[in-house]
Amino acid sequence: MPLYTETVGELRARILKKERTVLELFQTFVQRLEETEPRIRAFIHPTLEIGRAQARRLDQLVKEGKPLPPLAGIPLAIKDNLALQGVPMTCGEAILQGYRPPYTATVLKALDEAGALFMGKTNMDAFAMGSSGLHSHYGPTYNPWQVQCSPGGSSSGSAASVAVGSAVLAVGSDTGGSVRQPAAFCGVVGLRPTYGLFSRYGLTALSSSMDQVGVLARRVEDVALLCQTMAGHDQRDATSIPEGPILLARQGILPEGCTLGVAREYRERAGEAVRKIFDRAIEVLEEEGFRIQEVSLPHLDRAQTAYAIINSVEGASNLARFDGLRYGKAWRGEDWQRTALRSRSEGLGSEVQRRILLGNHILKGKGYEEAQSIRGRVARDFQSVFQDVQALVTPTTLTTAFALQGEDPQALKDADLLTIPAALASLPALSVPCGSDDRGLPVGVQLMGPKFSDIMLLQLGQRLEGALDWVPFPKGGGDGKYG
Amino acid sequence: MEIDLQQLMVYSCLQLSPKEQEKMLEELRDFACSVRFFPEVKTRGEGDPFPSPGQKLREDIPEQGLNPEEVLGQAPDREGVYFRMPRGPRRDT
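Remember, it's a predicted structure, so these values are computed and weren't measured experimentally.

S.K.: Could you give an account of the overall build of chain A, with specific residues and numbers?
M.R.: Within chain A, the regular secondary structure consists of 17 helices and 11 strands. Expected size for 483 residues packed as a compact globule is a radius of gyration near 23 Å; at 21 Å, chain A falls within 12% of this value. Along the first, second and third principal axes, the C-alpha atoms of chain A reach 65 × 55 × 45 Å. Per-residue burial over chain A gives 66% buried out of 483 residues. Taking contacts inside chain A between residues at least 6 apart in sequence as the whole, the part at least 24 apart equals 76%. Looking at chain A as shown, the accessible area adds up to about 16,100 Å², and 48% of this sits on carbon and sulfur atoms.

Have a look at this one:
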């Protein structure tokens, strides 16, 4: 098997046994990136010089016989809405062309200290608005399983890079499903942690009450390693929870034979191909000794509308700062007002403009308070269900990856229908690949739990992954060959 | 509710083409329809759905700021230690 299909543990073992230097390992992934990028286009800005320097530093530690940090030598892809000092950050949008942040996101500092090798900044829907990867100023990313299909979004490049093997780990952001939905479409594992568990310092804000940094990898154990590295309090983020790790421990581990809930409304809405794989996953969990109980979470459609309102209102406010005067690229006008008007009209894409106008329309009239009330209702629905079941199991998406061109607008609109509720309720949720449809496109199963049940969800995900034994690697490899 | 798209564009600091304006108006009207079902959902009187154990605001301690040179390096235009703004609006605008 090629090196780029291996897990963190397997690659680490090679370094510790001195089968490969870190630099040699890094070069293998650079080669993979160069092979696959022309077809997949996962990266906006490769950062290979940074990665190479990190690899050399780690090789020096090996040479000196010093202990290696936990992610030493593991290639990492970074969504382009996370700040890395001195490296261009565009958020997938034209208006930020040429912007180089003067500081580094807390989670990226932690990953650098943990020994990860930075492969580059990945493509994304502009300002994380979108679920297809189509709304990037830098062109779409293509799904490694079938290049005519969407990789999902908005963390399109992060999911595709892990799926194709140009990175082992990736960091993304999840506001309403932007990690879990592309993870499902690309056949990788994606975690949205409990709100406040990971620092957001250095993450470009879209919808502040829901934005979370999330993580992707091919295996649940690798997501767990990332989680361990990134979770923790950060004084620079007022929403970061000081007692996060304690609360994680308090939620405890997965009880054997516990009861898992299947939300009726989520299963019924899924398409036939997804439902088939989902039902098989439920059978497997029963075979593993879990009790399955059907539950009801009735406000799925209202949740989607409430999310659209909250997301647009918060997005319109957060994006008011992008005016061509303070960051990135300016489209000059006769005066500062015309410069701002031109810069925003030329530099922001149609989807971003649409949400800003919608958000300001709602702010001017009614709807935001009502949406927050619906959000409370959705959170209470979950609280009530978690009195009876330990965790929820649902499909991650209604369909497998849709075509990049000519897709039904409803499929695009509903792309994050099943991932929105956990975001509204600030809950952790994990998408695990569980099989593929008749066309060979992956299907993800979503696990949701109460706040701070992240560890328990990872354990449940690992059980499901182990029992299904589904090999999560695209046979086409995005370049017509496996190795 | 009547939708004044011209005013919204001013608020949003955006200029849309006539074709885009037409499409946007249609979307805003559709959206207004989807919100009308909200009152059907019971949302009151069941306590705080977002209790946040352990969450508290950080101490408000002043910290050293960023390096002015680095920050000014991000400005589209500068003059000495200041951002240089394009000239202000004319009286007749």
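Moving on from the model shown.
S.K.: Help me get a handle on the interface of chain A and chain B, residues and values and all.
M.R.: Residue-level contacts link 62 residues of chain A with 52 residues of chain B. Each partner contributes to the roughly 5,000 Å² buried at the junction of chain A and chain B, and carbon and sulfur atoms together form 62% of this total. Sorting the residues of chain A by area buried against chain B places Leu357, His361 and Arg380 of chain A first, and these three jointly supply 14% of that buried surface. Where chain A packs against chain B, one counts one salt bridge. Note that glutamate 27 of chain B is salt-bridged to arginine 354 of chain A, the shortest N-O span being 2.8 Å. Counting across the interface, chain A meets chain B through eight residue pairs in polar contact (both at pLDDT 80 or more). Elements with a minimum of two residues in the side of chain A that touches chain B: helix 11 (300-318), helix 12 (336-347), helix 13 (350-364) and helix 14 (368-385) of chain A. Among the elements that line the side of chain A that touches chain B, the one with the most residues is helix 14 of chain A, at 10 residues. Looking at the side of chain A that touches chain B residue by residue, the class counts come to 26 nonpolar, 19 polar and 17 charged.

S.K.: I'd like a description of the sheet that holds strand 3 (residues 117-122) of chain A, backed by residues and values.
M.R.: Residue and element names in this part refer to chain A. Strands sit in the order 1-3-2-4-6-5-10-11-9-7-8 across an open sheet of 11 strands; the sheet is mixed. Of all strands in the sheet, those with a lone pairing partner are strand 1 (43-46) and strand 8 (291-295), marking the two edges. Averaged over all pairs of adjacent strands, the angle between their axes in this sheet comes to 30 degrees, without regard to strand direction. Pairing geometry for strand 7 (residues 259-263) and strand 9 (residues 391-395), over three bridges, is parallel. Of the residues in strand 9, the one forming a bridge with glycine 261 is leucine 392. Strands in contact with helix 4 (residues 106-113) are strand 2 (75-79), strand 3, strand 4 (169-174) and strand 6 (212-217); relative to strand 3, the strand with the most contacts, it is inclined by about 150 degrees. This element, helix 17 (residues 454-468), spans strand 5 (189-192), strand 7, strand 9, strand 10 (429-436) and strand 11 (442-448) of the sheet and lies at about 5 degrees to strand 10.

S.K.: Talk me through helix 2 (residues 18-35) of chain B; I want residue IDs and the actual numbers.
M.R.: Its 18 residues place the ends of helix 2 of chain B 26 Å apart at the C-alpha level, agreeing with the 26 Å of an ideal helix rising 1.5 Å per residue. Looking only at helix 2 of chain B, the buried set comprises Gln21, Met24, Leu28, Phe31 and Val35 of chain B. Down the axis of helix 2 of chain B, the smallest arc covering the buried residues is 85 degrees, so these residues share one side. Those residues of helix 2 of chain B that are exposed and angled more than 90 degrees off the buried face are Lys19, Glu22, Lys23, Glu26 and Arg29 of chain B. Looking at the buried residues of helix 2 of chain B, the elements they touch are helix 11 and helix 13 of chain A together with helix 1 (5-12) of chain B.

S.K.: Tell me about the nonpolar core, and name the residues and values.
M.R.: Core analysis: the biggest nonpolar cluster contains 105 residues, and Leu76, Leu82, Leu108, Leu111, Leu169 and Met230 of chain A have the highest contact counts within it. When near neighbours in sequence (up to four residues on either side) are disregarded, methionine 230 of chain A contacts Val107, Leu111, Val171, Leu197, Phe198, Val213 and Val215 of chain A. Counting residues in hydrophobic clusters, the runner-up holds 66 residues, among them Tyr266, Tyr307 and Ala429 of chain A together with Met24 of chain B.

S.K.: Can you tell me about the packing of helix 7 (residues 220-230) of chain A against helix 17 of chain A, naming the residues and giving the values?
M.R.: All names here are of chain A. Their axes nearest at 9 Å, the elements helix 7 and helix 17 cross at an angle of 160 degrees. Overall, the two elements helix 7 and helix 17 adopt an arrangement that is roughly antiparallel. The two elements helix 7 and helix 17 meet at a crossing, and its hand is left-handed. Residue-level inspection shows Val220, Glu221, Val223, Ala224 and Cys227 of helix 7 in contact with helix 17, the latter providing Leu458, Gly461, Gln462 and Glu465. Grouping the constituent residues of the contact of helix 7 with helix 17 by class yields five nonpolar, two polar and two charged.

S.K.: Kindly report on the pairing of strand 2 of chain A, identifying the contributing residues and their values.
M.R.: All names here are of chain A. For strand 2, a buried count of five out of five residues is recorded, marking the element as mostly surrounded by other parts of the structure. Neither face of strand 2 is open: one carries Pro75, Ala77 and Lys79, the other Leu76 and Ile78, and all of them are buried. Bridging between strand 2 and strand 3 involves five bridges; their strand directions are parallel. Each bridged residue has a counterpart across the sheet, and for leucine 76 the counterpart in strand 3 is phenylalanine 118. The parallel pair strand 2 and strand 3 is bridged by helix 4, and the resulting crossover is right-handed. Relative to strand 4, strand 2 runs parallel, the two sharing three bridges. Across the sheet, alanine 77 pairs through a bridge with alanine 170, a residue of strand 4.

S.K.: Go over the pattern of salt bridges, please, and point to the residues and values.
M.R.: Any two side chains of opposite charge can pair, given that their charged atoms come close. As enumerated under the stated definition, the model contains 27 salt bridges over all chains in all. Between arginine 439 of chain A and aspartate 437 of chain A there is a salt bridge; the shortest N-O distance is 3.7 Å. A relative accessible area of 49% places arginine 439 of chain A in the partly exposed class. Aspartate 437 of chain A sits in the buried class, given a relative accessible area of 11%. Here aspartate 77 of chain B and arginine 84 of chain B are joined by a salt bridge, their closest N and O atoms 3.4 Å apart. Since its relative accessible area comes to 23%, aspartate 77 of chain B is described here as partly exposed. By relative accessible area, arginine 84 of chain B is classed as partly exposed at 43%.

About the criteria used
Residues numbered from 1 in each chain as written. Chains lettered and ligands numbered in written order. Predicted model: local features only at pLDDT ≥ 70, side-chain atom pairs only at ≥ 80, totals over all residues. Heavy atoms only, no water. Helix = DSSP H or I, 4+ residues; strand = E, 2+ residues; numbered from the N terminus. Rg over C-alpha atoms; globule rule 2.2 N^0.38 Å. Buried < 20%, exposed > 50% of the residue type's maximum accessible area, 1.4 Å probe, protein only. Contact = heavy atoms within 4.5 Å. Areas by Shrake-Rupley, 256 points an atom, 1.4 Å probe, with all protein chains shown as cover. Buried area = accessible area lost by both parts, 1.4 Å probe. Salt bridge = Lys/Arg side-chain N within 4 Å of Asp/Glu carboxyl O. Polar contact = N/O pair within 3.5 Å; in protein donor to acceptor, adjacent residues only side chain to side chain. Nonpolar A, V, L, I, M, F, W, Y, C, P; charged D, E, K, R; others polar. Pairing = 2+ DSSP bridges. Axes fitted to C-alpha atoms, helices over the stretch in contact; angles between N-to-C directions. Expected span 1.5 Å × (residues − 1). Arc of directions from axis to C-beta. Core = buried A, V, L, I, M, F, W, Y, C linked by side-chain atoms within 4.5 Å. Parallel < 35°, antiparallel > 145°, perpendicular 65-115°, else oblique. Left-handed = near helix turned anticlockwise from the far one by under 90°. Right-handed = clockwise from strand over helix to strand, strands pointing away.

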